[in-house]
Amino acid sequence: MTPDFSPAMLKFFLRARAMHEGKPARARLRKAARVTVAEMDMAWMGRWERPDPRARLWGALGHVPADHGVMLNHGGQAHG
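The following paragraphs examine the structure supplied in this document. Note that this is a predicted model, so its numbers are computed, not measured.

### What to know about helix α2 (residues 24-33)
For step 1, the next point in the chain: All buried positions along α2 are accounted for by A25, L29 and A33. One side of α2 holds all its buried residues, which, seen down the axis, span an arc of 60°.
For step 2, the next point in the chain: On the buried face of α2, the contacting elements are α1 (7-21), α3 (37-44) and α4 (51-60).
For step 3, the next point in the chain: One or two steps after α2, the chain reaches R34, where phi turns positive at roughly 55°.

Spelled out as structure tokens, the structure:
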């Protein structure tokens, strides 16, 4: 079974982490992933399509898509 790295799932994971760790988690994740405030806002809303920054955010969450043989594309994923 291949994990789901979709923008909607990223939204879910980001919100769960913030709920678990508190509000500062959002800023820590943004800085760790090296994404802008606007990019983080788009990911937070589940609307972020660009693959490279999404992959960095997943990595900051501790889930690297490439470790599962997954390559992110615009809005989705493919097996690498």
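### Brief notes about the packing of aromatic side chains
For step 1, the next point in the chain: Under the defined criterion, the tally for this structure stands at three aromatic pairs.
For step 2, the next point in the chain: A ring pair is formed by F5 and W58, whose centres lie 5.0 Å apart and whose planes are at 90°; its orientation type is edge-to-face. Of this pair, F5 sits in the segment before α1 while W58 sits in helix α4, placing them 53 residues apart in sequence. Judged on exposure class, the residue F5 and its partner W58 are both buried.
For step 3, the next point in the chain: Ring centres of F12 and F13 lie 6.0 Å apart, and the angle between their planes is 75°; this geometry places the pair in the edge-to-face category.
For step 4, the next point in the chain: Grouping aromatic residues by their ring pairs yields a cluster made of F5, F12, F13 and W58.

### Thoughts on the side chain of R54
For step 1, the next point in the chain: Among the structural elements, R54 can be located in helix α4.
For step 2, the next point in the chain: From its side chain, R54 meets the backbone oxygen of F5 in a polar contact 3.2 Å long.
For step 3, the next point in the chain: In contact with R54, not counting residues within four places along its chain, are F5, S6, P7, L10, W48, E49, L72, N73, H74, G75 and G76.

### Here we look at the pairing of strand β2 (residues 76-79)
For step 1, the next point in the chain: Both strand β1 (residues 70-73) and β2 contribute to a ladder of four bridges, which runs antiparallel. When the sheet's bridge partners are listed, N73 is paired in β2 with G76.

So, how was this worked out
- Residues numbered from 1 in each chain as written.
- Predicted model: local features only at pLDDT ≥ 70, side-chain atom pairs only at ≥ 80, totals over all residues.
- Heavy atoms only, no water.
- Buried < 20%, exposed > 50% of the residue type's maximum accessible area, 1.4 Å probe, protein only.
- Helix = DSSP H or I, 4+ residues; strand = E, 2+ residues; numbered from the N terminus.
- Arc of directions from axis to C-beta.
- Contact = heavy atoms within 4.5 Å.
- Phe/Tyr/Trp six-rings, centres within 6.5 Å; stacked < 30°, edge-to-face > 60°.
- Polar contact = N/O pair within 3.5 Å; in protein donor to acceptor, adjacent residues only side chain to side chain.
- Pairing = 2+ DSSP bridges.

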